[in-house]
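So you can see what is in the structure, the chains are spelled out below.
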Amino acid sequence: MRGDILILTGTGLVVIGFLLIFMGVLISSLGGGEVEGGGVIMIGPIPIVFGSGRAATLAMILAVILMVLWILGFLLTRRG
């Protein structure tokens, strides 16, 4: 029962993500202005940052914070 809720939640989040991307493309193609964005993909402690403008800068800061937290968590659990 609990696994079903997680599957439905994950599927719902993926659908919402696709809808947001579609709406962003639609708005930008109708002349709504420039679109900027950025993101971070974490593979273990290694961040992959992509994007342009201010969003990429914020994504890079987030990546560094997440990387430091991951390494600290790893070191703290290894000692105990």
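In this report, we go over the structure that sits alongside the text. (Residues numbered from 1 in each chain as written. Predicted model: local features only at pLDDT ≥ 70, side-chain atom pairs only at ≥ 80, totals over all residues. Heavy atoms only, no water.)

### A word on the overall build of the chain
Stated formally: Only DSSP runs of H or I with at least four residues qualify as helices, and only runs of E with at least two residues qualify as strands; both kinds are numbered from the N terminus onward. Based on C-alpha atoms, the radius of gyration is set beside the globule rule, defined as 2.2 Å times the residue count to the power 0.38. Burial status follows relative accessibility: with a 1.4 Å probe on protein chains alone, a residue under 20% of its type maximum counts as buried, one over 50% as exposed, and anything between as partly exposed. Any two residues having at least one pair of non-hydrogen atoms within 4.5 Å are treated as being in contact. Working definition of accessibility: Shrake-Rupley area with a 1.4 Å probe, residue cover restricted to the visible protein chains.
A count of helices and strands for the chain gives two helices and two strands. In sequence order, the chain lays out its α and β elements as α-β-β-α. Relative to the 2.2 N^0.38 estimate, which gives 12 Å for 80 residues, the radius of gyration of the chain is 17 Å and therefore markedly larger than a compact globule would have. With respect to the principal axes defined by its C-alpha atoms, the chain has extents near 55 × 40 × 15 Å. Buried positions account for 5% of the 80 residues belonging to the chain. Pairs at least 24 apart in sequence give 12% of the contacts found in the chain among residues at least 6 apart. Carbon and sulfur atoms form 75% of the exposed surface of the chain, whose accessible area is close to 6800 Å².

### Some points on the packing of aromatic side chains
For the record, the criterion: Only Phe, Tyr and Trp rings are paired, with Trp represented by its six-membered ring, and only when their centres lie within 6.5 Å; those with planes under 30 degrees apart are stacked, over 60 edge-to-face, the remainder tilted.
Counting across every chain of the model gives one aromatic pair. Look at tryptophan 70 and phenylalanine 74: their rings are 5.7 Å apart centre to centre, the planes differ by 0 degrees, and that puts the pair in the stacked class. With tryptophan 70 and phenylalanine 74 both in helix α2 (residues 54-79) and four residues apart, this pair spans about one turn of that helix. What makes tryptophan 70 partly exposed here is its relative accessible area of 40%. With a relative accessible area of 40%, phenylalanine 74 lands in the partly exposed category.

### A word on the pairing of strand β1 (residues 38-43)
Put simply, the rule reads: Strand pairing is defined by DSSP finding a minimum of two bridges between the two strands.
Examined bridge by bridge, β1 and strand β2 (residues 46-51) share six bridges and lie antiparallel to one another. The residue of β2 that forms the bridge with isoleucine 43 is isoleucine 46. Counted between consecutive antiparallel strands, the loop separating β1 from β2 contains two residues, among which glycine 44 sits at a positive phi close to 65 degrees.

### What about a nonpolar patch on the surface?
Here is the rule we go by: Like charges are joined within 9 Å and nonpolar side chains (Val, Leu, Ile, Met, Phe, Trp, Tyr) within 5 Å, but only among residues with over 30% relative accessible area and no salt bridge; these make up the patches. Salt bridge, as used here: a side-chain nitrogen of Lys or Arg that lies within 4 Å of a carboxyl oxygen of Asp or Glu.
A cluster of nonpolar side chains, contributed by Val49, Leu58, Met60, Ile61, Leu62, Val64, Ile65, Leu66, Val68, Leu69, Leu72 and Leu76, occupies part of the molecular surface with about 1100 Å² of accessible area. At 11 residues, α2 tops the list of elements feeding residues into the nonpolar patch. When you line up the elements, leucine 62 lands in helix α2. Taking the relative accessible area as the measure of exposure, leucine 62 reaches 44% and is therefore partly exposed.

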